[in-house]
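Report on the structure
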Amino acid sequence: MYKVALNFEDGVTRFITTLPMESVADAAYRSGLNIPLDCRDGACGTCKCHCESGSYEMDGYIEDALSDQEAEQQFVLTCRMIPEADCVVTVPASSEVCVRSQQADVHAKLTDINRLSESTLSFTVSGDQVRAMHFLPGQYVNVQVPGTDQSRAYSFSSMVNQDDESVSFLIRVVPEGLMSTYMAENANVGDNITLRGPFGSFYLRDIKRPVLMLAGGTGLAPFLAMLEKIQQDGSEYPIHLIYGVTNDTDLVEMGKLDAFASAIDNFTFSACVASEDSSWPQKGYVTNHMGPGHLHDGDVDIYLCGPPPMVEAVNSFMQEKGIQPASFHYEKFAASK
Ligand SMILES: Cc1cc2nc3c(=O)[nH]c(=O)nc-3n(C[C@H](O)[C@H](O)[C@H](O)COP(=O)(O)OP(=O)(O)OC[C@H]3O[C@@H](n4cnc5c(N)ncnc54)[C@H](O)[C@@H]3O)c2cc1C
Ligand code: FES
């Protein structure tokens, strides 16, 4: 049995004890702490932390999740990390988002479904339990697909509107997808919806330097929630969003982005479409539109959210160009297994 000190981003330290051959992530879970976790299999990299001291064994993982260079620098995947001595591990998330008691089922009613384009819709749920929800802008919930025992993850695309106790989401309609089909074809206003969460370490940190936001498709959702918060609090640093989609029809919520650009002094954005058939003036991928003016010689916090191939592409682009931002936070909209 080894003692592991988990140092969270907000300065809080929690101690856990691992059982023989138990991973740090499993021991944390047993102790009521949900440190960031997704595949639990050494494949996704979501649980990457830094080991400040102590020794450990890494029990099988792929290089996409943790590079050799990162492993040499004592970065670890907590889902595969088996301590061999007492350890100190820095977790890149606030302790606030990791305390499991804050995650509970929220029962709500579907109050709006809005088909924004051929490929995308938004939905809104309301209720007194929604009013009481606490989450950080950028986080997600698991939404149960009505009539099934399945759930799917969706990022909040708004903060809670206290006036009508509502919160919204953005969803790409995946052909034959379980939730997509329910929302696009079968859902009715008034349906019961159960949400579980909040989850995730992709949330807006205090703004202490310029921010670059990179959104792919419905990966725009968490940024809409973040921008709502920034509109309330203001920012003395420039914030730029690059929103990339595949086809013209995937470009949604441009009116909201225009409204944020008018309301937030330091906020600018651009959008680009990858398809060669596009009539949108800016073509290509978000990486084609990331210039020195957005990167501030590395003095920038980068937030990235979108499908896994986009996250990989931006990661490779930054490595090739030798860009080392002050911080880099990402969320992959991986399909459920
Ligand atoms: C942390 C997190 C946050 C997420 N937030 C959002 C969000 O805000 N908005 C959003 O639209 N999605 C989001 N997703 C993805 C979402 O959870 C679902 O995976 C997606 O909506 C498909 O669910 P479905 O039930 O309609 O399709 P499923 O029944 O799960 O899938 C049907 C088929 O489509 C394939 N498929 C599933 N998803 C995709 C995809 N994205 N592209 C191509 N093929 C796919 C599956 O492999 C399967 O073959 C998020 C995922 C994660 C992990
Ligand atoms: S949770 Fe995916 S690598 Fe650990």
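Residues numbered from 1 in each chain as written. Chains lettered and ligands numbered in written order. Predicted model: local features only at pLDDT ≥ 70, side-chain atom pairs only at ≥ 80, totals over all residues. Heavy atoms only, no water.

**Description of the packing of aromatic side chains**
Applying the stated criterion across every chain yields a total of 9 aromatic pairs. Geometrically, the ring pair formed by Phe-123 and Phe-169 is stacked, given 5.0 Å between the ring centres and 20° between the ring planes. Of this pair, Phe-123 sits in strand S9 (residues 120–126) while Phe-169 sits in strand S12 (residues 166–172), and the two are 46 residues apart along the sequence. Residue classification places Phe-123 among the buried residues on the basis of a relative accessible area of 0%. For Phe-169, a relative accessible area of 0% puts it in the buried group. The aromatic ring of Phe-15 is capped on one face by Lys-3, whose charged end is 5.8 Å from the ring centroid. The side chain of Arg-40 reaches across the aromatic face of Tyr-29, ending 5.5 Å from its centre. (Phe/Tyr/Trp six-rings, centres within 6.5 Å; stacked < 30°, edge-to-face > 60°. Helix = DSSP H or I, 4+ residues; strand = E, 2+ residues; numbered from the N terminus. Buried < 20%, exposed > 50% of the residue type's maximum accessible area, 1.4 Å probe, protein only. Lys NZ or Arg CZ within 6 Å of the ring centre and 35° of its normal.)

**A word on the site of ligand 1**
In the region of ligand 1, 21 residues are neighbours, and Arg-152, Ala-153, Tyr-154, Arg-172 and Ser-180 sit closest. One of the side-chain N or O atoms of Ser-180 is found 2.5 Å from an oxygen atom in ligand 1. Measuring from an oxygen atom of ligand 1, one finds a side-chain N or O atom of Thr-218 at 3.0 Å. Contact with the protein chains hides 75% of the accessible area of ligand 1, taken as 930 Å² for the molecule alone. If you list the elements that add at least two residues to the shell around ligand 1, you get strand S11 (151–155), S12, helix H5 (178–186) and strand S18 (327–332). The element that contributes the greatest number of residues to the shell around ligand 1 is S11, accounting for 4 residues. In terms of residue class, the shell around ligand 1 is made up of 12 nonpolar, 5 polar and 4 charged. Two domains each put at least three residues into the shell around ligand 1: domain 2 (105–199) and domain 3 (211–332). (Near = heavy atom within 4 Å. Polar contact = N/O pair within 3.5 Å; in protein donor to acceptor, adjacent residues only side chain to side chain. Areas by Shrake-Rupley, 256 points an atom, 1.4 Å probe, with all protein chains shown as cover. Nonpolar A, V, L, I, M, F, W, Y, C, P; charged D, E, K, R; others polar. Domains from an automatic or database assignment.)

**Focus on the nonpolar core**
Formed by 29 residues in total, the largest nonpolar core has its most connected members in Met-213, Phe-223, Leu-241, Tyr-243 and Leu-257. Of all the secondary structure elements, the ones that give two or more residues to this core are strand S14 (211–216), helix H6 (221–233), strand S15 (239–245), helix H7 (254–263), strand S16 (267–273) and strand S17 (301–306). Residue contributions to this core peak at 6 residues, all from H6. Apart from residues lying up to four places away in sequence, Leu-241 is in contact with Met-213, Ala-215, Leu-220, Phe-223, Leu-257, Phe-267, Thr-268, Phe-269 and Ser-270. (Core = buried A, V, L, I, M, F, W, Y, C linked by side-chain atoms within 4.5 Å. Contact = heavy atoms within 4.5 Å.)

**Digging into a negative patch on the surface**
On the surface, Glu-63, Asp-64, Asp-68 and Glu-72 cluster together into a patch of negative charge. The topology assignment puts Asp-68 in helix H2 (residues 68–72). (Patch = residues over 30% accessible without salt bridge, like charges linked within 9 Å, V, L, I, M, F, W, Y side chains within 5 Å. Salt bridge = Lys/Arg side-chain N within 4 Å of Asp/Glu carboxyl O. Lys, Arg positive; Asp, Glu negative; His and termini not counted. Charge placed at Lys NZ, Arg CZ, Asp CG, Glu CD.)

**Comments concerning the pattern of salt bridges**
Think of it this way: side chains of opposite charge can pair up when their charged atoms draw near. Under the counting rule described, the total for this entry stands at 12 salt bridges. The salt bridge involving Lys-48 is made with Glu-70; its shortest N-O contact spans 3.0 Å. With a gap of 22 residues between them, Lys-48 in strand S3 (residues 48–53) and Glu-70 in helix H2 connect regions that are remote in the sequence. The residue Asp-301 makes a salt bridge to Arg-209 at a minimum N-O spacing of 2.9 Å.

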